[in-house]
Amino acid sequence: MCRAFDIYGQADVVMLTDPKKPQSLQKVSFRFAPGDNPKWADPLFLDSSWQVVGNTAFGTDQYSDAALPKGWNGVGWFRIWLKKRATL
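Rules and cut-offs
Residues numbered from 1 in each chain as written. Predicted model: local features only at pLDDT ≥ 70, side-chain atom pairs only at ≥ 80, totals over all residues. Heavy atoms only, no water. Phe/Tyr/Trp six-rings, centres within 6.5 Å; stacked < 30°, edge-to-face > 60°. Helix = DSSP H or I, 4+ residues; strand = E, 2+ residues; numbered from the N terminus. Buried < 20%, exposed > 50% of the residue type's maximum accessible area, 1.4 Å probe, protein only. Polar contact = N/O pair within 3.5 Å; in protein donor to acceptor, adjacent residues only side chain to side chain. Lys, Arg positive; Asp, Glu negative; His and termini not counted. Salt bridge = Lys/Arg side-chain N within 4 Å of Asp/Glu carboxyl O.

**Describing the packing of aromatic side chains**
For step 1, the next point in the chain: All told, the structure shown has 7 aromatic pairs when counted by the stated rule.
For step 2, the next point in the chain: When the centroid spacing of 5.9 Å and the interplanar angle of 45° are considered together, the rings of Phe-32 and Trp-72 count as tilted. Placement of Phe-32 in strand 2 (residues 30–34) and of Trp-72 in the loop between strand 3 (51–53) and strand 4 (76–79) is noted, with a sequence separation of 40 residues between them.
For step 3, the next point in the chain: The class for Trp-72 is partly exposed, based on a relative accessible area of 29%.
For step 4, the next point in the chain: Ring centres of Trp-72 and Phe-78 lie 6.2 Å apart, and the angle between their planes is 50°; this geometry places the pair in the tilted category.
For step 5, the next point in the chain: In textbook terms, an aromatic cluster arises when at least three aromatic residues are bridged by ring pairs, as seen for Phe-30, Phe-32, Trp-72 and Phe-78.

**Quick word on the side chain of Arg-79**
For step 1, the next point in the chain: The topology assignment puts Arg-79 in strand 4.
For step 2, the next point in the chain: Within the structure, the side chain of Arg-79 is placed 3.5 Å from the side chain of Asp-47, a separation counted as a polar contact.

**Brief notes about the side chain of Arg-31**
For step 1, the next point in the chain: With respect to the helices and strands, the residue Arg-31 is situated in strand 2.
For step 2, the next point in the chain: Despite being buried, Arg-31 has no salt bridge partner; Asp-47 is the closest side chain of opposite charge, sitting 4.5 Å away.
For step 3, the next point in the chain: Polar side-chain contacts of Arg-31 include one of 3.0 Å to the backbone oxygen of Trp-50.

Structure representation (C-alpha cells):
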C-alpha cells in the first residue's frame, strides 16, 4: 500500500511520473528502524526519529555495497513515500 500525505518524515519522496517507465529505488534514501512494531504500519506514524539509510543493498553477499544500518538484526522496517502524478 502506498499513500502520500502532506505530513511525513521521509528523507525522499519518489515521484512516479510514467507508469510504463520503471523507477529505481536502489539509490533513494529510506527511513529505517530495527525490529517490528505494528504501529509502524500506520501511514500517519511519524518516522522522523528513524535513521536515514541511503542504500538498501547491504548485507554479506556479492551484491552488497553498503554498511548494515544501526541496530540491524535481520528484522526491521524501511519506509519511503511514493507520490504519483495526478494524471496517472
